[in-house]
Number of protein chains: 4
Amino acid sequence: MIRVTCWNEYYKERMDETCKKAYPNGIHEAIKEVLSTDEHIICRTATPDEPECGLTQEALDATDVLIWWGHINHHLVPDEVAARVVHRVLNGMGFIALHSGHMSKPFMKLMGTSCDLRWRESEDHERLWCVNPGHPICAGLPPYFEIPKEETYGEFFDIPKPDEVVFLGWFSGGEVFRSGCCFTRGAGRIFYFQPGHESNPVYKQKEVGQVIRNAVHWAAPAFTHTAVFGEFASLEKK
Amino acid sequence: MIRVTCWNEYYKERMDETCKKAYPNGIHEAIKEVLSTDEHIICRTATPDEPECGLTQEALDATDVLIWWGHINHHLVPDEVAARVVHRVLNGMGFIALHSGHMSKPFMKLMGTSCDLRWRESEDHERLWCVNPGHPICAGLPPYFEIPKEETYGEFFDIPKPDEVVFLGWFSGGEVFRSGCCFTRGAGRIFYFQPGHESNPVYKQKEVGQVIRNAVHWAAPAFTHTAVFGEFASLEKK
Amino acid sequence: MIRVTCWNEYYKERMDETCKKAYPNGIHEAIKEVLSTDEHIICRTATPDEPECGLTQEALDATDVLIWWGHINHHLVPDEVAARVVHRVLNGMGFIALHSGHMSKPFMKLMGTSCDLRWRESEDHERLWCVNPGHPICAGLPPYFEIPKEETYGEFFDIPKPDEVVFLGWFSGGEVFRSGCCFTRGAGRIFYFQPGHESNPVYKQKEVGQVIRNAVHWAAPAFTHTAVFGEFASLEKK
Amino acid sequence: MIRVTCWNEYYKERMDETCKKAYPNGIHEAIKEVLSTDEHIICRTATPDEPECGLTQEALDATDVLIWWGHINHHLVPDEVAARVVHRVLNGMGFIALHSGHMSKPFMKLMGTSCDLRWRESEDHERLWCVNPGHPICAGLPPYFEIPKEETYGEFFDIPKPDEVVFLGWFSGGEVFRSGCCFTRGAGRIFYFQPGHESNPVYKQKEVGQVIRNAVHWAAPAFTHTAVFGEFASLEKK
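Read on for an overview of the structure. What you see is a predicted model, and the numbers here were worked out from it, not measured in a lab. Along each chain, residue indices are assigned from 1 in the same order as the chain's sequence is written. Following the order in which they are written, the chains are lettered starting with A and the ligands numbered starting with 1. Where local features are concerned, this predicted model is filtered to residues with pLDDT of at least 70; where side-chain atom pairs are given and counted, the filter is 80 or more; whole-chain, interface and lining totals use all residues. Excluding hydrogens and water, the side-chain figures rest on all heavy atoms present in the structure.

Attention now goes to the relation of the copies chain A and chain C. When the copies are overlaid, the least-squares fit takes in C-alpha atoms only where the residue has pLDDT of at least 70 in both copies. Taken as rigid bodies, chain A and chain C are interconverted by a rotation of 180 degrees and an axial shift of 0.0 Å, the fit giving an RMSD of 0.0 Å. In short, the pair behaves as if placed about a two-fold rotation axis. Between two residues, a contact is recorded if the distance between any of their heavy atoms is within 4.5 Å. Here 100% of the interface residues in chain A have copies in chain C that are interface residues too; the copies meet face to matching face.

Here's what the structure looks like:
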């Protein structure tokens, strides 16, 4: 059983009519529902409404994969919570940063770069091409799929070279984007997935749900063993 | 259920007393036994004694992961059999090349380089360090493990840059080696693992067995979907 | 001084009026002219009109970087010439495969995959985005540049994961493509660059010329030393 | 002309007799001397004795490649100086972190991981193997070279997967280490090089000097163009 925590800043879905209509119960609940079809996944949600953003040490210790959606309130996540997340990732917790999560504190710290990119709110349509057909995150997906309306993200996306790029996004306005990127940091596996502007119910789309379920399986820690990273450091020096 | 075929040239275990003693029934049977402890794996063996080396199209179509041990008889594998293996890998079959399999026809074709390396028959002891602790192939393993007597392989190993290096080998005589290397080619996943000289029963060692079982799971095709590589090419052009 | 050989199958420019108009003296002469503005580069050309395709051992030994344009006559290059090219690349010669050169014998052997891709003759316009702004092949170029009319190439492009992707191509018809890819094989550096359909004078475009000159500098062997790959293999075993 | 700043914490060479003997004028002066043999490099030094550690904005703006040696006083570098260095790297300045610089503030921020490793002060001898013979940082070097006495560093080294590993270190006590690692972050190129414990005059060794000169050339920004990273972000959105 893979224990997922889906974190959402849960702001615009309460403030903005368009977003509220797209996600009446918040993006986190929509993603939780998407994961509920997979019998190997159990999902709880967390938002800034809870103490310590719902990301206490206990909560993180009981999380195999953390999904993160944040946008305009990144600064409201306390530095110590972000540091706690980063530490758990380095020790093996999976981390899936969605859409505007490229500017979240944990993702930026893990990348070490500006994580900046081009963007415009355009309602372009996007086509996502699978460029790694044997990768587990592409399992069950066609060679490409489309998102009817999406915020445009464009290169140069200032991230370290991903370990693997699994999707490239094509936007009708003329941009391209590395839309699905895998990274390893310490013992933890990180997946960045670009789609999911809050104004359109992108996470309810079939293919997007498949990607997220696949990514949870990919990012879940493989080990139940003595070699977790935290123990590496504490081994006596020879 | 992951369907494994374990191929072995099965020569020195019949010709040489030392090898016969290490592997009375051949290396292929020793590896089959190692895999038998995993309930998700079913393994058949194949050798050059069978027609078409036991690697007919039907056999390969029914194989999820092909394990390959060969050494001095690489040239006896017909080119069409090697090409058939390569084609299946590009279409998603996993491929695990062991030890001297670095010079086998399928591996060399898939790499595109000379695959040459330094070596000496030395009975050095080797220490394998895990350099990617979150990788599934390292699951259940300690930070390093040792092989008491092994043929020495040394850099420069003329392979393309691996997608991931999971083990680095240290040899008592002064060499280092990229001993566990992951590659993707087409939709197929390839793992090269250096240990396993035929004179010592290395494949009966506990940690080595764990690596091979892990590698089988990692290399098994993830998809049950329409996006297999062979279909990509045949899609009508837009 | 970097010694370049620019090889061209030189067929359609003699057979087809459109191509003849785009390149009256052949693509090879157009590229030679593009390189002539760089005082550190000296370029000769070679075509199948010459014995051994103009790629004798002597010619290759005197070549630091080989540029390759071929399309419909790949099969006319003798296997021994292709093998000679591959051997020189592994020993340090740079290799730049242009456009339909993805299906040339030397490139395919060096990659080890099918090198297949989607394509259509569409006269789409293409926009090339730089996704690695600090890479020497991007030097002097803007964040993106456009090619007014180009044959469409699309993913999935069946190549091994490149060491570095420096350009992503966006096509007006809906495709994306890894249009500038770097590889290392043995001691040799390989650059694949997608633009350059024979019907339009793409190689006369300013930015394209800049890319090719930059790529020549990047691919030129760095060493004047004892560590060339060929000598690695011949060193006595310790 | 490549403008190098060589930064050194310059502490133990003033406090400890062994280090003072190895480097009477400090490690920075020894490295400056090593670079003086290259007519394309001009080097200044900087230490914490100067205001803002000698790393003012003006100083960094006039630096193409920053070399960093620090060990026990990483915490004395102000956060704003470290942030300034990181920003310059992302905008194209090369950065070479030596030895214990793996724990320096700029390197750790750029990596995003713990950068932890195994170590012991052992006076092991180390053998560095070139595993990328065509890489410019290996130019002029033999297949391997040795350092008679060096502090032992061992895996697991908690860094992101390097873009390229150019040296692997073998230690007589049984460890291996990724001793020469290349990274790109933003438009900047980063090289980590493991040798150089302060107790032995490692930087005066011929091969080590060659590596550092090669690394300066590799890390120097290639561009003199409009595509520097800082300008990417400020381009008007389409």
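Picking up where we left off.
Quick look at the packing of aromatic side chains now. Pairing of aromatic rings covers Phe, Tyr and Trp, the last counted by its six-membered ring, and requires centre-to-centre distances within 6.5 Å; plane angles under 30 degrees mean stacked, over 60 mean edge-to-face, and any other angle means tilted. With the rule as written, the count across this model stands at 50 aromatic pairs over all chains. Consider the rings of Trp7(C) and Trp68(C), whose centres lie 4.2 Å apart with planes at 25 degrees: the pair is stacked. Residue Trp7(C) is located in strand β1 (residues 2–8), and its partner Trp68(C) is located in strand β3 (residues 65–69); the two are separated by 61 residues in the primary sequence. For the pair Trp7(C) and Trp68(C), one class covers both residues: buried. One aromatic cluster is present, formed by Phe107(A), Tyr153(A), Phe157(A), Phe177(A), Phe183(A) and Tyr192(A) through successive ring pairs. Over a ring means this: the NZ of a Lys or the CZ of an Arg is within 6 Å of the ring centre and within 35 degrees of the ring normal. Lying across the ring of Tyr10(C), Arg14(C) places its NZ or CZ 3.9 Å from the centre. What counts as a helix is a DSSP run of H or I of at least four residues, what counts as a strand is a run of E of at least two, and both are numbered from the N terminus. The buried label goes to any residue with under 20% of its type's maximum accessible area, the exposed label to any with over 50%, and the partly exposed label to all in between, with areas taken from a 1.4 Å probe on protein chains only.

Attention now moves to a nonpolar patch on the surface. Residue and element names in this part refer to chain A. Residues Tyr11, Met15 and Ile72 make up a contiguous nonpolar surface patch of roughly 290 Å² in combined accessible area. Relative to the helices and strands, Ile72 is located in the loop between β3 (65–69) and α5 (79–90). Judged by relative accessible area, Ile72 falls into the partly exposed class, the value being 40%. Candidate patch residues must exceed 30% relative accessible area and have no salt bridge, after which like charges are joined if within 9 Å and Val, Leu, Ile, Met, Phe, Trp or Tyr side chains if within 5 Å. All accessible areas in this document rest on Shrake-Rupley with a 1.4 Å probe, and a residue is counted as covered only by the protein chains that are shown. Any Lys or Arg side-chain nitrogen located within 4 Å of an Asp or Glu carboxyl oxygen qualifies as a salt bridge.

Bringing the sheet that holds strand β8 (residues 176–185) of chain D into the picture now. Residues and elements named next belong to chain D. Two strands pair if DSSP finds at least two bridges between them. Taken in spatial order, the 9 strands line up as β2-β1-β3-β4-β9-β8-β7-β5-β6 in an open sheet, and their pairing is mixed. Two strands bound the open sheet, and with one partner strand each, they are β2 (41–46) and β6 (144–154). Within this sheet the neighbouring strands show an average axis-to-axis angle of 25 degrees, counted without direction. In terms of strand pairing, strand β1 (residues 2–8) meets strand β3 (residues 65–69) through 5 bridges, oriented parallel. When the sheet's bridge partners are listed, Cys6 is paired in β3 with Ile67. Here, axes are lines fitted to C-alpha atoms. For helices the fit covers the stretch in contact, and angles between N-to-C directions go from 0 to 180 degrees. Together, β1, β2, β3 and β4 (94–98) form the strand contacts of helix α3 (residues 27–35), whose direction differs from that of β2 by roughly 175 degrees.

A separate point is the interface of chain A and chain C. Contacts between the two partners involve 23 residues from chain A, matched on the other side by 23 residues from chain C. In this description, buried area is defined as the sum, over both parts, of the accessible area (probe of 1.4 Å) that is lost when the two are combined. Here chain A and chain C share an interface that buries about 1,800 Å² over both sides, 66% of which is from carbon and sulfur atoms. The largest per-residue losses of area from chain A upon contact with chain C belong to Trp129(A), Trp170(A) and Val176(A), which jointly make up 31% of the total buried on that side. Along the contact surface separating chain A from chain C lie 0 salt bridges. Elements supplying a minimum of two residues to the side of chain A that touches chain C: β5 (118–130), β7 (164–171) and β8 (176–185) of chain A. Here the element with the most residues in the side of chain A that touches chain C is β7(A); it accounts for 5 residues.

This part is about the environment of His71(A). By secondary structure assignment, the location of His71(A) is in the loop between β3 and α5. Residues adjacent in sequence count toward polar contacts only when both atoms are side-chain atoms; beyond that, a polar contact is any pair of N or O atoms within 3.5 Å, and within protein one must be able to donate a hydrogen and the other to accept it. Separated by 3.2 Å, the side chains of His71(A) and Glu198(A) make a polar contact.

Turning next to the pairing of strand β9 (residues 188–193) of chain A. All names here are of chain A. Counted residue by residue, β9 has 6 buried out of 6 residues, so it is predominantly covered. Burial along β9 is two-sided: Gly188, Ile190 and Tyr192 and Arg189, Phe191 and Phe193, pointing in opposite directions, are all buried. One ladder, built from 4 bridges, connects strand β4 (residues 94–98) with β9; its direction is parallel. Within β9, the residue paired with Ile96 across the bridge is Phe191.

A word on the pattern of salt bridges. Residues and elements named next belong to chain A. For the structure on display, the rule yields 48 salt bridges over all chains. As a salt-bridge pair, Arg3 and Asp64 come within 3.0 Å of each other at their nearest N and O atoms. Placement of the pair is Arg3 in strand β1 (residues 2–8) and Asp64 in the loop between α4 (57–61) and β3, with a sequence separation of 61 residues. Overall, Arg3 belongs to the partly exposed group, its relative accessible area being 34%. Accessibility expressed as a relative area gives 12% for Asp64, which makes it buried. Taken together, the shared-partner salt bridges connect Arg120, Asp124 and Glu175 into one network.

Residue and element names in this part refer to chain B. Expected helix span is taken as 1.5 Å per residue step, with the number of steps being one fewer than the number of residues. Its 14 residues give helix α7 (residues 206–219) an end-to-end C-alpha distance of 20 Å, which sits within 8% of 20 Å, the value for a rise of 1.5 Å per residue. With 11 of 14 residues buried, α7 is to be regarded as a mostly interior element. When α7 is considered as a whole, its buried residues turn out to be Glu207, Val208, Gly209, Val211, Ile212, Arg213, Asn214, Ala215, Val216, Trp218 and Ala219.

What follows deals with the sheet that holds strand β1 (residues 2–8) of chain B. All names here are of chain B. One open sheet holds the 9 strands; their spatial order is β2-β1-β3-β4-β9-β8-β7-β5-β6, and the pairing between them is mixed. The sheet is open, and its two borders are formed by β2 (41–46) and β6 (144–154), each paired with just one other strand. Each neighbouring strand pair of the sheet contributes to a mean axis angle of 25 degrees, computed without reference to strand direction. Packed on one face of the sheet, helix α5 (residues 79–90) meets β3 (65–69), β4 (94–98), β8 (176–185) and β9 (188–193) and runs near 115 degrees to β9.

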